[in-house]
Amino acid sequence: MAGQDEKVISGKEVAQHNSRESCWIIVHGKVYDVTDFLDEHPGGSKIILKYAGKDATAEYDPIHPPDAITTHLPPEKHLGRVDPGTVEKVEVQITDQEKERQQRLANRPPLSEILNLHDFEYIARAVMPEKAWAYYSSAADDEITNRENHAAYHRIWWRPRILRDVTHVDFSTKILGHPTKMPLYITATALGKLGHPDGELNLTRAAAKHGVIQMIPTLASCSFDELVDNAKPGQVQFLQLYVNKDRSITEKFVRHAEQRGIKALFITVDAPQLGRREKDMRQKFDAEDPAEVTENKQQDKVDRSQGAARAISSFIDPGLDWKDIPWFQKITKMPLILKGVQCWEDALQAYDMGLAGVVLSNHGGRQLDFSRSGIEVLVEVVRELKKQRGLNFPNEKFQLFVDGGVRRANDVLKAIALGATAVGVGRPFLYAFSSYGFEGVDHALNILHDEFEMNMRLLGARNLKEVVPEMVDASSLQSHIVAVPGDRLYDSNYESMQHARLREV
Ligand code: PYR
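Residues numbered from 1 in each chain as written. Predicted model: local features only at pLDDT ≥ 70, side-chain atom pairs only at ≥ 80, totals over all residues. Heavy atoms only, no water.

A. Region of the structure containing the packing of aromatic side chains. Counted under the stated rule, the structure contains twelve aromatic pairs. Judged by centre distance (5.3 Å) and plane angle (35°), the ring pair of Phe-238 and Phe-266 falls under tilted. Here the residue Phe-238 occupies a position in strand 10 (residues 237-241), and Phe-266 occupies one in strand 11 (residues 265-268), the gap between them amounting to 28 residues. When its relative accessible area of 0% is taken as the criterion, Phe-238 is described as buried. A cation sits over an aromatic face here: Lys-279 above Tyr-494, 4.5 Å from the ring centre. The positively charged end of Arg-366 is found above the aromatic ring belonging to Tyr-135, 4.9 Å away from the centroid. (Phe/Tyr/Trp six-rings, centres within 6.5 Å; stacked < 30°, edge-to-face > 60°. Helix = DSSP H or I, 4+ residues; strand = E, 2+ residues; numbered from the N terminus. Buried < 20%, exposed > 50% of the residue type's maximum accessible area, 1.4 Å probe, protein only. Lys NZ or Arg CZ within 6 Å of the ring centre and 35° of its normal.)

Set out below in structure tokens:
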């Protein structure tokens, strides 16, 4: 239906289809009949009905991957193109709360005053739209693992070496054979446009400038091709994969990614169902009028009190299994890495099945609460793979990655000392671009660069090969107690969880 022959429909005609009985919406200038889809919409019918007969682009964009409509609606429901001059503008009412937020955004400090990644988080919390902050910052259940991810690094202490000539320090390395200026990569995080209109493009550009690798998320707000098209020639990108219940969709995506030059496929294995992120869920619930929620419940087959996470994730296949691995090996030559491994037994199985590595991760504490931190799991994986398969780490053939809770180059170097090839950093870059766009991510990477340089010197390590296990005391890592009286992340940025609200009388 696309192209020259596309039917042109007037805004007036679209406006007449503004009910549950006949619901048309406009997204990016195209008209769709979503009447039959209303009850299937993972985010519930109410939000679509709010835009019935109108242009829904602004609401649609941040929370949907660009191809969501084309994937879910049969072609006959793509009605044509709207005549742009005839569309009535949707009135956006700016609340007092939003005005205050915009004021805070205008008053944010200059980047020169941002000294570390915690600062970005602090500013982001103040200047981001509430829903976006809730989605990015939330974690599963009581958020114990989310806090533990960071706290675990507090239980590892350095044993630095002295009197080594550290005039020149080099912390570049290779990830899966591809050079990176620092031993970290920008890991996959969903819905970048919730935080900034350029979404994940901010990360693509900053990764290019700093010579680090970006992992493109399946659930990016920007389209996959846009992120690849905007990479510099030769810029290395990886892909994070959520596996679709419809394997033909996954196969097409993986083959396309390989053909577009993606260098490695990170298959997420810790999310057969997305965890309960109650801050996110509460946001969504608060956005509704409680009385209407009760009234409409009968009509609404989908539980929509589940926040952004639920709204975007219903396609993920909970049936994914070890027996699918050979299928992946058949459809792509890209190195395969499992993202979300949490014990040595699974790491060993991944090695035995010929995979290229594993990310020891609990999904930023967003999945199973009381999962251990990736850095803690790293220690047992290194020990058991050496014992059982004679492997030494870091290892070129089977690489170990860690993510979660990292806020300093100091944290990253602890993982390197313990055997990781590199570390994934996610939320801090989201907070950086949500507050300052591309310049924020650029500044965050500059900060990390400076921290690496200083820490390498203070450790007495001239290159990453000299960051060795003997340099750390990780003997307390397994005791899950945080022996610090206070912590900047939790004292100033971490937001306590709320309880259900009493209705006003
Ligand atoms: C998350 O919200 O954690 C996803 O991975 C989509």
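That was the structure; now back to the text.
B. Region of interest: the site of the ligand. Taken together, the neighbourhood of the ligand is formed by Tyr-135, Ala-190, Leu-219, Tyr-242, Leu-274, Arg-277, Ile-312, His-363 and Arg-366. A distance of 2.5 Å separates an oxygen atom of the ligand from a polar side-chain atom of Tyr-135. Within the contact set of the ligand, an oxygen atom lies 2.5 Å away from a side-chain nitrogen or oxygen of Tyr-242. In isolation the ligand exposes 210 Å². Once the protein is present, 91% of that is buried. Here the shell around the ligand is composed, by residue class, of six nonpolar, one polar and two charged. (Near = heavy atom within 4 Å. Polar contact = N/O pair within 3.5 Å; in protein donor to acceptor, adjacent residues only side chain to side chain. Areas by Shrake-Rupley, 256 points an atom, 1.4 Å probe, with all protein chains shown as cover. Nonpolar A, V, L, I, M, F, W, Y, C, P; charged D, E, K, R; others polar.)

C. Molecular detail of the pattern of salt bridges. One pass over the full model with this rule turns up 25 salt bridges. Note that Arg-260 and Asp-229 form a salt bridge whose closest N and O atoms lie 2.8 Å from each other. One end of the pair, Arg-260, is in the loop between helix 11 (247-259) and strand 11; the other, Asp-229, is in helix 10 (residues 224-229), with 31 residues separating them in the sequence. The class for Arg-260 is partly exposed, based on a relative accessible area of 28%. Of the charged contacts in the structure, one is a salt bridge between Lys-323 and Asp-321, with a shortest N-O distance of 4.0 Å. When its relative accessible area of 35% is taken as the criterion, Asp-321 is described as partly exposed. When salt bridges that share partners are traced, they join Glu-6, Lys-30 and Arg-81 into one network. (Salt bridge = Lys/Arg side-chain N within 4 Å of Asp/Glu carboxyl O.)

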